[in-house]
Amino acid sequence: FFLFSLDLTKAMAKQLSCWMTVLCILLGLAIPDVYAKIGVDPSELYPFQPCKGECGVATPLPNHSSDATGTETLREAAVRRGVWIGAAANYYHLNDASYPNYTTILNQQYNLITAENGCKFSPTEPAVNTYNYLQCLNVSNDAVSANMVFRGHNLIWGNYNPSWLVNGSYSPSQLRDILKWHVGNVSQHIGDRVYSWDVVNEAIADGDDPADPFKTVDPWYPAIPDYVDLAFQTARKTAPANVKLFYNDYGAEGYGPKSDRVFSMLSSMKKRGIPIDGVGLQMHVSTSYYPNMTSVAGNIERLGNLGLEVHITEMDVKTIDGSQEELSRQAKIYGEMLRACLATTNCKSFETWGFTDRFSWISAKNCPLPFDIDLNPKPAYYEMLRVLQEPYGY
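Residues numbered from 1 in each chain as written. Predicted model: local features only at pLDDT ≥ 70, side-chain atom pairs only at ≥ 80, totals over all residues. Heavy atoms only, no water.

1. Quick notes on the side chain of Asn 154
For Asn 154, the position within the fold is in strand E3 (residues 149-156). Assessed through its relative accessible area of 2%, Asn 154 is described here as buried. Within the local environment of Asn 154, its side chain forms a polar contact with the side chain of His 153, the two groups lying 3.2 Å apart. Those residues in contact with Asn 154, other than ones at most four positions away along the chain, are Cys 119, Lys 120, Phe 121, Trp 197, Asp 198 and Asn 201. (Helix = DSSP H or I, 4+ residues; strand = E, 2+ residues; numbered from the N terminus. Buried < 20%, exposed > 50% of the residue type's maximum accessible area, 1.4 Å probe, protein only. Polar contact = N/O pair within 3.5 Å; in protein donor to acceptor, adjacent residues only side chain to side chain. Contact = heavy atoms within 4.5 Å.)

Dropping the structure here:
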């Protein structure tokens, strides 16, 4: 009861402090310290600074070395919590001398890495039965050198496929062979450099009630009705036994029609003996649309009841304009989704799709990632660190 009362008191103090801070700023008064008497460090307030124009040209955030965060990195805090904290990295950026801090920050702050594009179908098999592992292995080598875990992404998807495959007019029988050759060759060659593979990416249809739970995926579906099963069965035969096999998708993070369809597919796979070890929840969200934290935690838990490990695999939070208010909301969303992961025993990894606004599939003006375009940490970074330093999930 005492701990509950203290937590409640702290929460009330934080709310009061936030409103008092806003009032003092508006009136030009000094900001009071209302935390000291109950032992809450004032540095838990975000070091917000408004963007000037686009978020990427904001004034750099100050060095936030306080009692709340100390000099601890995301990586160090994540290790203590028993999870991986990860980011997708691009082969070209790792080797770009114009941004030497890119690799330095990546290796210091994260303990898990995914090749953004380098392990996909097009780079690894650019011509029929001709394989090129340069990009995939380069990112893998960076992971090894920095003592990071490497996730493989992805073996089979309906995008980022080479023209020879998309325009080849292959028969279903030929496509089955191509799928097996590709999954087999790539998973065998990369071997146990990876912790896991996203074997199939984005197979389930969107919408509330689609006619077919599987989406049309060029060239795999509907040409190969059982392509998901086939990919996992092939991967299990060719990948090392210790490499885990994941299904990965977006829009299925919290409870809802799509997550129900994903759950149904995975449940069926488990019942039928199709080898699958985990599921990746991508978490591409925005400040105006994001799932409920409790719903995400509940969904992760029910996937765990199937015996599945869960990774948050591609999180980013698109803002409207990178304003102070938007960055505050973004930080809150990052923190809540991380808490949802930490609240469950089967969520082992929390990963963002990149880490700096300079290199993102979303426009830099929408400021989607925890570091700005100058590779300075943003409020979202500090919120994630604070959550990792909390004694409990939520």
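From this point, the narrative continues.
2. As for the packing of aromatic side chains
A ring pair, where both rings are aromatic, is described by two values, the distance of the centres and the angle of the planes. Tallied over the full model, the rule gives 15 aromatic pairs. Measuring from centroid to centroid gives 5.9 Å for Tyr 110 and Phe 355, while their planes differ by 45°, and the two rings are tilted. Pair noted here: Tyr 110 is in the loop between helix H4 (100-109) and strand E2 (112-115) and Phe 355 is in the loop between strand E9 (347-352) and helix H13 (379-389), with a separation of 245 residues, a long-range link. Overall, the relative accessible area of 1% leaves Tyr 110 in the buried class. Between Trp 164 and Tyr 170 the ring centres are 6.3 Å apart and the planes differ by 85°, which places this aromatic pair in the edge-to-face class. On the basis of relative accessible area, Trp 164 is assigned to the buried category, the value being 14%. (Phe/Tyr/Trp six-rings, centres within 6.5 Å; stacked < 30°, edge-to-face > 60°.)

3. Brief notes about helix H10 (residues 257-271)
Under the 1.5 Å per step criterion, the end-to-end length of H10 is 21 Å for 15 residues, consistent within 8% with the ideal 21 Å. Residues Lys 258, Ser 259, Arg 261, Val 262, Met 265, Leu 266, Ser 267 and Met 269 constitute the buried set of H10. Against the buried residues of H10 lie helix H9 (227-238), strand E5 (244-249), strand E6 (278-281) and helix H11 (293-304). Two residues or fewer past H10, Gly 273 is found with a positive phi of approximately 80°. (Expected span 1.5 Å × (residues − 1).)

4. Brief notes about the pattern of salt bridges
Counted by the stated rule, this structure contains 18 salt bridges. The salt bridge partner of Glu 72 is Arg 80, with a shortest N-O separation of 2.8 Å. With a relative accessible area of 51%, Arg 80 lands in the exposed category. With a shortest N-O distance of 2.7 Å, Lys 258 and Asp 206 are connected by a salt bridge. (Salt bridge = Lys/Arg side-chain N within 4 Å of Asp/Glu carboxyl O.)

5. Thoughts on the packing of helix H8 (residues 172-190) against H9
For the pair H8 and H9, interaxial distance at closest approach is 9 Å and the crossing angle is 35°. Viewed along their axes, H8 and H9 form a crossing whose handedness is right-handed. Residues Arg 176, Leu 179, Lys 180, Val 183, Gly 184, Ser 187 and Gln 188 of H8 pack against Tyr 227, Leu 230, Ala 231, Thr 234, Ala 235 and Thr 238 of H9. Here the residues of the contact of H8 with H9 sort into six nonpolar, five polar and two charged. (Axes fitted to C-alpha atoms, helices over the stretch in contact; angles between N-to-C directions. Left-handed = near helix turned anticlockwise from the far one by under 90°. Nonpolar A, V, L, I, M, F, W, Y, C, P; charged D, E, K, R; others polar.)

6. Brief notes about the confidence of the model for the protein chain
Close inspection of predicted coordinates is inappropriate for parts of the model with low pLDDT. For the protein chain, per-residue confidence averages 85 on the pLDDT scale, and 81% of positions sit at 70 or higher. Across residues 1-54 the pLDDT falls below 50, and counting only partners more than four positions away or on other chains, this stretch makes 66 contacts in the model. Counting contacts from residues 56-68, a segment whose pLDDT is below 50, to residues more than four positions away or on other chains yields 36 contacts. (pLDDT = per-residue confidence, 0-100.)

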